[in-house]
Amino acid sequence: MRFKYSHDVFPPGLILPVRLSIIGGEDGREAKAKVDTGADISVISEELRKELNLLPRGVVSAKGAFDEGFTPSPTYFVKLYINHSFSFELQVISLPTTKYFLIGRDLLNQIILHANGPAELFEITI
Amino acid sequence: MKDYRTPISKEPSFERDSPVWDELYKSTLRYYAISLAFSALEERVKGIEESHEFIYRNFFRDKKVKRLFTDGEHRNIPMSLIGYGCENAPTLHVGEEEKGWEFKKWKEELDFFNSIKRKLLEDETYRNKFVAIKDKRLIDYDIDNFRLAKRVNEKYRNEVVLIIKAEISMPVAEIPSPEISI
């Protein structure tokens, strides 16, 4: 699956359309997901979490970029579909400060990702 | 030091829990975060501490803000506000308790798990397995957390159930990716 870099972010980034739903549920939502190799765990926006009516299920000690210390944070179980063909079950955290679903290394380590910055193209192989 | 802030001299007259108060609270904190950054840029340490104290005095006592700046954040405030975007800065300081009933419930279940953690670790049935806790009772367990989550969602879709591994340490995750607003 090939995608173009998105200019919705600066510098242009690796953003792709995905579908998210609760594990074991059929109802889902379309979303934009941004590849984030720096994130240990994937992140759902608080807005989307509310739309999907996801309730806290797990816990992880999470820390952001600004030295605010590790804090026990709720996690949520979601199913993510890429291109309506491939699905991944993920345990994610929620942040109010992002509008994207951030694809962290918990998912990235399950796929092959080729990014061609100068050509602004990236490819995902399952 | 040139002070860009204008202290609030009066208490607001409307209800603290009203939407109006929430909006005022957010915009005020955002304003102070921005002015704090400007002040702190001119005189780094004094500006930060002074502004911090002001915000603490005016907001923390209302328990609207559960925590403000840690020592680490203190040092990094100008950088983080500018780098992170001033709009986003206040959200860093709002506690989980502000989010709703589900987080209170989640915290209760987590506290219960911590209280029985030693027993779970001593029991081979549960050690290093994922357990599901609801209403301070252990209701299910599995070696696979996603399989357990599916069962839990089928039975308790709209209820808070904690799914956590019975192991000594809590999993740790870093999400160190700042975004630039354009």
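Since this is a predicted model, take the numbers as computed values, not measurements. (Residues numbered from 1 in each chain as written. Chains lettered and ligands numbered in written order. Predicted model: local features only at pLDDT ≥ 70, side-chain atom pairs only at ≥ 80, totals over all residues.)

Now for the confidence of the model for chain A. Chain-level pLDDT for chain A is 90 on average; 96% of the residues reach the 70-or-more range. Predicted confidence in chain A is weakest over strand β5 (residues 58-63) of chain A, with a mean pLDDT of 86, and strongest over strand β9 (residues 112-116) of chain A, with 96. (pLDDT = per-residue confidence, 0-100. Helix = DSSP H or I, 4+ residues; strand = E, 2+ residues; numbered from the N terminus.)

What follows is about the nonpolar core. Ranked by internal contacts, the top residues of the largest apolar core, which has 53 residues, are Val43(A), Val78(A), Phe101(A) and Ile163(B). Excluding its chain neighbours within four sequence positions, the residues that come into contact with Val78(A) are Leu20(A), Ser21(A), Ile22(A), Ile23(A), Ile44(A), Leu54(A), Leu90(A) and Val92(A). (Core = buried A, V, L, I, M, F, W, Y, C linked by C-beta atoms within 7 Å. Buried ≥ 20, exposed ≤ 12 C-beta atoms within 10 Å, placed from the backbone. Contact = placed C-beta atoms within 7 Å.)

Moving on to the sheet that holds strand β2 (residues 137-142) of chain B. Residues and elements named next belong to chain B. On the basis of which strands lie adjacent, the open sheet formed by three strands has the order β2-β1-β3 and antiparallel pairing. What marks the edges here is a single partner per strand, and that holds for β2 and β3 (162-165). Pairs of neighbouring strands in the sheet enclose a mean axial angle of 30°, with direction left out of account. The sheet contact formed by strand β1 (residues 130-134) and β2 spans five bridges and is antiparallel. Bridge pairing in β2 links Phe-130 to Asp-142. With respect to the sheet, helix α4 (residues 101-122) is in contact with β1 and β3, its orientation differing from that of β3 by roughly 35°. Across the sheet, helix α5 (residues 145-155) lies against β1, β2 and β3, angled at about 130° from β2, the strand it touches most. (Pairing = 2+ DSSP bridges. Axes fitted to C-alpha atoms, helices over the stretch in contact; angles between N-to-C directions.)

A separate point is the pairing of strand β10 (residues 121-125) of chain A. All names here are of chain A. Residues Phe-122 and Ile-124 of β10 are buried on one face, while the alternating residues Leu-121, Glu-123 and Thr-125, pointing to the opposite face, are not. Judged from the three bridges that link them, strand β1 (residues 2-4) and β10 form a sheet pairing that is antiparallel. Residue pairing for β10: Arg-2 is matched across the bridge by Glu-123. Note that β9 and β10 share five bridges and pair antiparallel.

If you check α4(B), its first and last C-alpha atoms are 32 Å apart, about what 22 residues at 1.5 Å a residue would give, namely 32 Å. Where α4(B) bends most, the angle comes to about 55°, and this point is Ile116(B). Those residues of α4(B) that fall on the buried side of the exposure criterion are Trp106(B), Glu109(B) and Leu120(B). If you follow the buried residues of α4(B), they end up packed against β6 (71-82) of chain A together with β1 and β3 of chain B. (Expected span 1.5 Å × (residues − 1). Bend = angle between axes of the 7 residues up to and from the residue.)

Before going further, it helps to examine the environment of Ala33(A). Residue and element names in this part refer to chain A. Here Ala-33 lies in strand β3 (residues 28-35). With 22 C-beta atoms counted inside 10 Å, the residue Ala-33 sits in the buried group. The sequence separation of Ala-33 and Leu-80 amounts to 47 residues, and the corresponding C-alpha distance is 9.9 Å. Look past the residues within four positions of Ala-33 in its chain and what remains in contact with it is Ile-15, Leu-16, Val-18, Tyr-100, Phe-101 and Ile-103.

For the rest of this paragraph, the subject is unusual backbone geometry. In this structure, the amide linkage connecting Phe10(A) to the following residue, Pro11(A), adopts the cis form with an omega of -5°. Secondary-structure assignment places Pro11(A) in the loop between β1 and β2 (15-22). The backbone phi angle of Asp135(B) is positive, close to 50°, even though this residue is not glycine. Summarising the element assignment, Asp135(B) is placed in the loop between β1 and β2. Although it is not a glycine, Lys136(B) adopts a positive phi angle of roughly 60°. Note that Lys136(B) resides in the loop between β1 and β2.

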